[in-house]
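Analysis of the macromolecular model
Spelled out, the chains give:
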Amino acid sequence: MGERLRRLWGIGKQSDYVTRFIHSSNMRAAIYMAFIVICLEIWMVLSLASNIMESAAAGKPRDFMWIVNHGAWYVVLLAVAAAVLIHAIRYMRGKTFNMRVGNILLVVFSVACLVFGIHFGNNSYVKGDQILAFVTMTLFVFGMLVWKPVPVFIASIVTFGGFYLYIDHNLPANYSLQVNLFTLWISTVVVALAAYNQQLSEAHKSEDIKRVNERLRHIASFDELTGMPNMHSFNGAVNVLFEGIGDFDIQYSILYMDIEHFKAYNDKHGFGAGDCLLQDMAHGLLQIFADEMVARFSDDHFVAICESRVAEERAAAAQEVLKGLRGEVRLHLKTGIYKPKMEEGINVSQACDKARYACNEIKKRPGVFVNYFDNTLDTDVKRRQHIINNIKRAASEGWIKAYYQPVVRCADGSGELCGYEALARWIDPEFGFMPPFAFIETLEEFREIDKLDRCIIEQVCMDLRAELDAGKPVVPVSLNFSRLDFELYDVPAFLNEMSKKYDIPPTLLDVEITESALTDKLNELQRNMARLRDEDYSLWLDDFGSGYSSLNVLKDYQFNVLKIDMVFLRGFEGNPKSKSILKSIVDLAHQLGMITLCEGVETQEQFEFLASIGCDRAQGYFFGKPDAEKAMPQAL
Ligand code: C2E
Ligand code: MG
Ligand code: MG
């Protein structure tokens, strides 16, 4: 049988949603129907009472059986209608969802209505009146309520057939009544079928809308890849939890988990395998936090909430899950834990941020897998926030200051001043004196480092101008640049602008670029460096030896000065290898036509050694610490 035909006849199982939709519409119709029937029956009962009284007054009292015979019909129908009305109202108000009781009541009510219609239709018919009671009740039952087509067909045949046989038995029906009854039956079936199909198509439409809404809600609350809750639903659930806690001490901790080296895993095994790993990890986490809440924050980051006493246990279990999954790349799970404090007020995203901060803190610390957010980190977070919010103000209000550290001649053993390095300091009204490690990384992370570096460049130019104007002898100053500077603004153009504005020759401004800046965007940086070289700025490679790409860097880029990182001088005394490495670097640099400068010189012995291997320049506390004034190097 075709699908349309099956649908037309209501054959086959319908979805729960469609069944409930049709049931609800029947319950709504039943309220009107029962209400009309109740009004009708009350009116009938009242007219019966008046009939009894009038008959009694006329001296012809109705006998008891007559009263029972007439009154019982009304009372039964009234009682059933009242039961239907009460149940339907309760159902519509959501007080009960029992469809079985509803259906039984509807069937009983419909049968009562039809029997009533047949009985009173017959009474009228034998008296020679219209069969309106029968017509009304059939329209009520088959027109207002929605039934499946097959039951409609059977019930209508039984009703109409029964009625016809009943009246025909009492008083043979004529041809016209037969035709009318037949037409009425056909019309009733057609109306019932049309009503059913109309309801069905509305139910399907409504079901489709509901499905789409559910999908949208799912997308809004669940992570597409892993199927676990996303941050949106995590925030919602945790907010509800926190609100419920009220004034009590919070016993919960937020965990922020990050898969270390996941990028390497993706590179090695491909994105497909990376996605599978995340899905498996999510599956494992959902089991570990089965009674709590866990969500995917982003990429390879997950957040969870659990009771503080089991937080570390859960983190360890998550680590075990990851161990079971990793391929050839050694993946680790790093977890930051934050215990929200009531007095600080509760904000889920801030709480997650703090846990994340604690997690990021241990990213580069091998062997440390769990870190708690403590007071030190709290101050760090506040300071970071302050830095980001105030960088513009700090630059304009003079909180950022260029400090100068002397650079001296070394190869000739003279220790004479030959330059300064400008090093930034942030002297903050709230946080006090801050060295670069307190703000450089944050400014880089938020891509605001250019504001600091432009400020230092301008200060350096201003200071040089002041010295030149005062007729003092001047030496070149080297400036530190971040890799991001070259992305955020046109460095050569800005240097030219400053050198023109303060009339400082480019030969007095040296450009320091750290080795780690040279790892990506090779062409872009090389173009900028070529422009700087053309303008006569000297290019210095800072912190040489602190990274692992050192020798490649010498091959790919052209620098004037090589600044050797201070790591080579640490442990210098007891380690003869350091000495030979330093000597090789100096020799190699000379062969490549570069001037050498060694950073971090702290002792006479170091200085003498560097002089002995021909290192051209030296810088370090031994000659002078960075200072607000351009101090002369300490006498040797
Ligand atoms: P850097 O350019 O390698 O600067 C040398 C760092 O070593 C300075 O630290 C300096 O104070 C320190 N230092 C110098 N001699 C010695 C010594 O004998 N012993 C020891 N232990 N340390 C010594 P500082 O001033 O804290 O700067 C740290 C880093 O911050 C700098 O490393 C540079 O990469 C960055 N930085 C500083 N100022 C700026 C700036 O204006 N812009 C940018 N982008 N980065 C800057
Ligand atoms: Mg430097
Ligand atoms: Mg350096």
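All values derive from a computational prediction rather than experimental measurement.

**A closer look at the overall build of the protein**
- Looking only at helices and strands, the protein has 21 helices and 14 strands in total.
- Since a compact globule built from 636 residues should have a radius of gyration of about 26 Å, the 45 Å found for the protein marks it as more spread out than a globular shape.
- Taking the principal axes of its C-alpha atoms as reference, the protein extends roughly 145 × 55 × 50 Å.
- Counting all 636 residues of the protein, 44% fall into the buried class.
- Sequence separation of at least 24 residues holds for 69% of the intrachain contacts in the protein that already meet a minimum separation of 6.
- For the protein, the accessible surface area stands at approximately 32,800 Å², while carbon and sulfur atoms represent 57% of it.
- Each charge class in the protein can be summarised by its mean position, and for the 64 positive and 79 negative side chains these summaries are 8 Å apart.

**A short note on the sheet that holds strand β5 (residues 370–372)**
- Sheet architecture is open: five strands sit in the order β2-β3-β1-β4-β5, paired in mixed fashion. In this open sheet, the two strands that pair with only one neighbour each are β2 (293–298) and β5. Neighbour-to-neighbour, the strand axes of the sheet open up by a mean angle of 25 degrees, direction not taken into account.
- Seen against the sheet, helix α11 (residues 311–325) touches β1 (252–260), β3 (301–307), β4 (332–338) and β5 and runs at an angle of roughly 160 degrees to β4.

**Overview of helix α5 (residues 132–144)**
- Its 13 residues place the ends of α5 17 Å apart at the C-alpha level, agreeing with the 18 Å of an ideal helix rising 1.5 Å per residue.
- Every buried residue of α5 is accounted for by F134, M137, T138, F140, V141 and F142. In a view along the axis of α5, the buried residues occupy a sector of 165 degrees, so they form one face of it.

**With respect to the site of ligand 1**
- Among the 24 residues in the neighbourhood of ligand 1, the closest are listed as E421, D453, D542, E602 and Y621.
- Computed on the free molecule, ligand 1 has an accessible area of 790 Å², of which 82% lies beneath the protein chains in the complex.
- For the shell around ligand 1, the secondary structure elements donating two or more residues are β7 (417–428), α15 (449–469), β9 (477–481) and β11 (538–544).
- The biggest single contributor to the shell around ligand 1 is β7, with four residues.
- Residues belonging to the shell around ligand 1 are distributed by class as follows: eleven nonpolar, five polar and eight charged.

**Side note on the coordination of the magnesium ion (ligand 2)**
- Coordination sphere of the magnesium ion (ligand 2), protein contribution only: E421 (OE), N480 (OD1), E512 (OE) and D542 (OD), at 2.1 to 2.3 Å.
- Each donor residue of the magnesium ion (ligand 2) belongs to the same chain, and together they define the spacing E-x58-N-x31-E-x29-D.
- If you look at the magnesium ion (ligand 2) and the magnesium ion (ligand 3), they sit 3.8 Å from each other and are both ligated by D542. Separated by 121 residues along the polypeptide, E421 in strand β7 and D542 in strand β11 bring together distant segments of the chain.

**Focus on the state of the cysteines**
- For the structure shown, the criterion picks out zero disulfides.
- Among the cysteines around C359, which has no disulfide bond, C352 carries the closest sulfur, lying 12 Å off.
- In this structure C359 comes out as buried when scored by relative accessible area, which is 0%.
- Between C615, a cysteine without a disulfide, and C410, which holds the nearest cysteine sulfur, the sulfur-to-sulfur distance is 4.9 Å.

**Describing the coordination of the magnesium ion (ligand 3)**
- Around the magnesium ion (ligand 3), the donor atoms from the protein are D542 (OD), D543 (OD), E599 (OE) and E599 (OE), and they sit 2.1 to 2.4 Å away.
- Motif for the magnesium ion (ligand 3), donor spacing along one chain: D-D-x55-E.
- Among the residues examined, E599 registers a relative accessible area of 7% and is labelled buried.

**With respect to the packing of aromatic side chains**
- In total, this model carries 22 aromatic pairs according to the counting rule given.
- Between the aromatic rings of F182 and W185, the centroid separation amounts to 5.7 Å while the plane-to-plane angle is 45 degrees, which identifies the pairing as tilted. Within this pair, F182 and its partner W185 are both found in helix α7 (residues 175–221), separated by three residues, close to a single helical turn.
- Here the aromatic residues W73, Y74, F116 and F120 are joined through ring pairs into a cluster of three or more.
- For the cation-ring pair, R454 lies above Y489, with the distance from its terminal atom to the ring centre recorded as 4.2 Å.
- Of note, K579 hangs over the ring of F609, and the distance from its end group to the ring centre comes to 5.7 Å.

**Focus: the pairing of strand β13 (residues 595–598)**
- Strand direction decides the pairing type here: strand β12 (residues 561–564) and β13, joined by four bridges, are parallel. Residue pairing for β13: I564 is matched across the bridge by C598.
- This β-α-β element, β12 to helix α20 (residues 576–591) to β13, shows right-handed connectivity.
- As paired elements, β13 and strand β14 (residues 617–619) share two bridges and run parallel to each other. Note on β14: the bridge partner recorded for C598 is A618.
- One crossover worth recording links β13 to the parallel β14 by way of helix α21 (residues 604–612), and it is right-handed.

**Comments concerning the pattern of salt bridges**
- Evaluation of the coordinates by the stated rule reveals 33 salt bridges.
- Connected via shared salt-bridge partners are E421, E512, K563 and E599.

**A word on unusual backbone geometry**
- If you check the backbone angles, D299 has positive phi at about 35 degrees while not being a glycine.
- Position of D299 among the secondary structure elements: in the loop between β2 and β3.
- Positioned with a positive phi, D543 is a non-glycine residue whose angle comes to about 55 degrees.
- Secondary-structure assignment places D543 in strand β11.
- Given the relative accessible area of 22%, D543 is considered partly exposed.

**Describing the layout of surface pockets**
- By volume, the second largest pocket amounts to about 450 Å³.
- At the level of elements, β6 (400–409), β7 and α15 are the ones that each hand at least two residues to the lining of the second largest pocket.
- The element best represented in the lining of the second largest pocket is α15, accounting for five residues.

**Notes on the side chain of S221**
- Inspection of the secondary structure puts S221 in helix α7.
- Residue S221 is classed as buried on the basis of its relative accessible area of 16%.
- At 3.0 Å, the side chain of S221 forms a polar contact with the backbone oxygen of R217.
- Sequence-distant contacts of S221, defined by excluding residues within four places in its chain, comprise P229, N230, H232 and S233.

**Section: the domain arrangement of the protein**
- When cut into domains, the protein gives domain 1 (2–216), domain 2 (231–373) and domain 3 (383–619).
- Distance between the C-alpha centres of domain 1 and domain 3: 94 Å.

**Let's talk about empty space enclosed by the protein**
- For the structure shown, the criterion picks out two cavities of 30 Å³ or more.
- Here the second largest cavity is characterised by a volume of approximately 40 Å³.
- For the second largest cavity, the full set of lining residues is V407, C418, G419, Y420, P476, S478, D510, W540 and R617.
- Of all the elements, β7 adds the most residues to the lining of the second largest cavity, at three residues.
- Along the lines of polarity and charge, the residues of the lining of the second largest cavity split into five nonpolar, two polar and two charged.

Conventions and cut-offs
- Residues numbered from 1 in each chain as written.
- Chains lettered and ligands numbered in written order.
- Predicted model: local features only at pLDDT ≥ 70, side-chain atom pairs only at ≥ 80, totals over all residues.
- Heavy atoms only, no water.
- Helix = DSSP H or I, 4+ residues; strand = E, 2+ residues; numbered from the N terminus.
- Rg over C-alpha atoms; globule rule 2.2 N^0.38 Å.
- Buried < 20%, exposed > 50% of the residue type's maximum accessible area, 1.4 Å probe, protein only.
- Contact = heavy atoms within 4.5 Å.
- Areas by Shrake-Rupley, 256 points an atom, 1.4 Å probe, with all protein chains shown as cover.
- Lys, Arg positive; Asp, Glu negative; His and termini not counted.
- Charge placed at Lys NZ, Arg CZ, Asp CG, Glu CD.
- Pairing = 2+ DSSP bridges.
- Axes fitted to C-alpha atoms, helices over the stretch in contact; angles between N-to-C directions.
- Expected span 1.5 Å × (residues − 1).
- Arc of directions from axis to C-beta.
- Near = heavy atom within 4 Å.
- Nonpolar A, V, L, I, M, F, W, Y, C, P; charged D, E, K, R; others polar.
- Donors = N, O, S within 2.8 Å, 3.2 Å for Na, K, Ca; no water.
- Disulfide = S-S within 2.5 Å.
- Phe/Tyr/Trp six-rings, centres within 6.5 Å; stacked < 30°, edge-to-face > 60°.
- Lys NZ or Arg CZ within 6 Å of the ring centre and 35° of its normal.
- Right-handed = clockwise from strand over helix to strand, strands pointing away.
- Salt bridge = Lys/Arg side-chain N within 4 Å of Asp/Glu carboxyl O.
- 1 Å grid on protein atoms, 1.4 Å probe; cavity = no way out; pocket = protein on both sides within 12 Å on 5 of 7 lines; lining within 4 Å.
- Points joined across faces, edges and corners; volume = space filled by probe spheres on them.
- Polar contact = N/O pair within 3.5 Å; in protein donor to acceptor, adjacent residues only side chain to side chain.
- Domains from an automatic or database assignment.

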